[in-house]
Amino acid sequence: MRLRGSIVLSALALGGCVGPVYANGVPTSSYVNAQAVANPTEWPASASPSAITDTKTETDISQLLSRMTVEQKVGQLVQADISAIKPEDLARYPLGSILAGGNSGPYGDERASAAQWGQLVTAFREASRKSGANVPILFGVDAVHGHSNLPEATIFPHNVGLGAARDPDLIKRIGVATAAEISGSGIEWTFAPTLAVPQDLRWGRAYEGYSSDPALVASYASAMTLGLQGELVAGKPLDANRVAATAKHFLADGGTMDGRDQGDAQIGKAELVAKHAQGYPASIDAGALTVMASFSSWNGVKHHGNKSLL
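Draft legend 1. Broad picture of the pairing of strand 6 (residues 138-141). Alignment of strand 5 (residues 97-100) against strand 6, held across four bridges, turns out to be parallel. Note on strand 6: the bridge partner recorded for serine 97 is leucine 138. Where the polypeptide runs from strand 5 across helix 3 (residues 114-129) and back to strand 6, its parallel neighbour, the crossover connection is right-handed. With two bridges joining them, strand 6 and strand 7 (residues 189-190) adopt parallel strand pairing. Across the sheet, residue valine 141 finds its bridge partner in strand 7, namely threonine 190.

Draft legend 2. Highlighting helix 6 (residues 214-229). With 16 residues, helix 6 ought to run about 22 Å at 1.5 Å a step, and its terminal C-alpha atoms sit 22 Å apart, in line with that. Summarising burial for helix 6: 13 of the 16 residues are buried, a large majority. For helix 6, the capping residue at the N-terminal end is aspartate 213, with a side-chain oxygen 3.0 Å from the backbone nitrogen of alanine 215. Once helix 6 ends, the next one or two residues include glycine 230, with phi positive near 80 degrees.

Draft legend 3. Focus on the sheet that holds strand 6. Here four strands make up an open sheet; going across it, the order is 4-5-6-7 and the pairing parallel. Because the sheet does not close on itself, it has two edges, and the strands there are strand 4 (79-81) and strand 7. The sheet contact formed by strand 4 and strand 5 spans three bridges and is parallel. What sits directly across from alanine 80, in strand 5, is isoleucine 98.

Draft legend 4. Molecular detail of the nonpolar core. The biggest cluster of nonpolar side chains holds 56 residues, and the ones touching the most others in it are Ile82, Ile98, Trp117, Phe124, Phe139, Leu251 and Trp298. When residues of this core are traced back to their parent elements, those giving at least two are strand 5, helix 3, strand 6, helix 5 (168-183), helix 6, strand 8 (246-250) and helix 8 (279-285). Considering every element that reaches this core, the biggest residue donor is helix 6, with eight residues. Judged by nonpolar contacts, the second largest core, of eight residues, contains Leu99, Trp189, Phe191 and Ala244.

Draft legend 5. Molecular detail of the pairing of strand 8. With respect to burial, strand 8 is a largely interior element, five of its five residues being buried. With three bridges connecting them, strand 8 and strand 10 (residues 290-293) associate as parallel partners. Bridging across to strand 10, alanine 247 finds its partner in valine 291.

Draft legend 6. A nonpolar patch on the surface, seen in detail. Among the surface-exposed residues, Val70, Val74, Leu77 and Val78 lie close enough to one another that they form a single nonpolar patch of about 400 Å² accessible area. Among the secondary structure elements, valine 74 is positioned in helix 2 (residues 70-75). Relative accessible area serves as the criterion here: at 46%, valine 74 is assigned to the partly exposed category.

Draft legend 7. A look at the packing of aromatic side chains. For the structure on display, the rule yields five aromatic pairs. Pairing tryptophan 189 with phenylalanine 191 gives two aromatic rings, centres 5.1 Å apart and planes at 80 degrees, and the pair type is edge-to-face. You'll find tryptophan 189 and phenylalanine 191 in the same group, each marked buried. Plain terms: the ring middles of tyrosine 210 and tyrosine 220 are 4.9 Å apart, the flat faces sit at 70 degrees to each other, and that makes the pair edge-to-face. Of this pair, tyrosine 210 sits in the loop between strand 7 and helix 6 while tyrosine 220 sits in helix 6, placing them ten residues apart in sequence. Tyrosine 210 sits in the buried class, given a relative accessible area of 3%.

Draft legend 8. The arrangement of unusual backbone geometry in detail. Along the chain, alanine 192 connects to proline 193 via a cis peptide bond; the corresponding omega equals 10 degrees. Note that the residue after phenylalanine 250, namely leucine 251, is joined by a cis bond; omega there is 25 degrees. A positive phi angle, close to 60 degrees, is found at alanine 252, a residue other than glycine. Relative to the helices and strands, alanine 252 resides in the loop between strand 8 and strand 9 (264-265). What makes alanine 252 buried here is its relative accessible area of 2%. The backbone phi angle of asparagine 299 is positive, close to 45 degrees, even though this residue is not glycine. Following the sequence through the fold, asparagine 299 ends up in the loop between strand 11 (297-298) and strand 12 (301-302).

Draft legend 9. Just the pattern of salt bridges, in detail. Counted according to the given criterion, the structure contains ten salt bridges. Close ionic contact of arginine 125 with glutamate 188 constitutes a salt bridge, the shortest N to O distance being 2.2 Å. Of this pair, arginine 125 sits in helix 3 while glutamate 188 sits in the loop between helix 5 and strand 7, and the two are 63 residues apart along the sequence. In this pair, the class of arginine 125 matches that of glutamate 188, namely buried.

Conventions and cut-offs
- The residue numbers shown here count from 1 along each chain, following its written sequence.
- In keeping with the model being predicted, local features are shown solely for residues with a pLDDT of at least 70 and side-chain atom pairs are shown and tallied solely at 80 or more, while totals for entire chains, interfaces and linings include all residues.
- Computation of side-chain values: all heavy atoms of the structure, hydrogens and water removed.
- When DSSP finds at least two bridges between two strands, those strands are taken to pair.
- Only DSSP runs of H or I covering at least 4 residues are called helices, and only runs of E covering at least 2 are called strands; the numbering of each starts at the N terminus.
- Crossovers are described as right-handed under a simple rule: with the strands pointing away from the observer, the path leading from the first strand over the helix to the second runs clockwise.
- Each residue after the first adds 1.5 Å to the expected span of a helix.
- Working definition: with a 1.4 Å probe on protein chains only, accessible area under 20% of the residue-type maximum means buried, over 50% means exposed, and in between means partly exposed.
- Whenever two N or O atoms come within 3.5 Å, that pair is a polar contact, provided that in protein one can donate a hydrogen and the other can accept it, and provided that, for residues adjacent in sequence, both atoms are side-chain atoms.
- Buried Ala, Val, Leu, Ile, Met, Phe, Trp, Tyr and Cys residues that are joined via side-chain atoms within 4.5 Å together make up what is termed a nonpolar core.
- Each patch is built from salt-bridge-free residues with over 30% relative accessible area, joining like charges within 9 Å and nonpolar side chains (Val, Leu, Ile, Met, Phe, Trp, Tyr) within 5 Å.
- To measure how exposed things are, a 1.4 Å probe is used in the Shrake-Rupley method; for residues, cover is taken only from the protein chains shown.
- We count a salt bridge whenever a side-chain nitrogen from Lys or Arg sits within 4 Å of a carboxyl oxygen from Asp or Glu.
- Aromatic pairs are defined between Phe, Tyr and Trp rings, using the six-membered ring for Trp, whenever the two ring centres lie within 6.5 Å; interplanar angles under 30 degrees are classed as stacked, those over 60 as edge-to-face, and all others as tilted.

See the structure below:
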């Protein structure tokens, strides 16, 4: 299966919460902090090249949704790690996606070959075709600076080192190479680029950010997205040696108070946009097919429960 152009907002990270109640986009719950409500007019515009689809595709989607049960629709929003699920389990649990975390490999083998990865992905995909809704599963992996789950794959310097190079063209070429090795193992989706803008080196994941400079992060966001996916054309599948990108972690995971992981970015709206949001329009303009919501918070409200941000 090859991915076609369509944006998916993917809340993959763990640790969400029940958010505020909204009426016509306006928060109504008394506990909502007004400083955690985003105004779209204050944000930079973005326009994905995948935003326009043909009439037939839209009709097919509508017909598919009309045939799906509530359980099948909910299942499309659930992602399981390969350490906790087998292909045959999809007959009971019609999930939408599978991921391979950093500590799990095909059939319990962390040193599995590309062929074994491809075998597992194919098994999940075939099982999903038989799960009732006939929606092929998406299979994702954390290949942030190379396909690090695969022995003998190319591993590049981590993002903090790549940022020091200040070379967007290099980043694009790294994306091309990484996509080829991911797709060569049967996987079609990577959770990259990471667009955090670290502000406090006490944050244990600061090395995952390219830079504390929003402009550099934006230039890398576009370059890595294009490297991973290629030029995106609405309705046209990605090339066989490309994979879907993920702009993550939305938003300000690098701006939490005292650098606490999964913490709270206690900052104003202007700073949120100017410092932490610049990579996302750049990645979306370049065609990023997915966005991953962060498990952190902004001014006391979890991102997964912040409708104004999502």
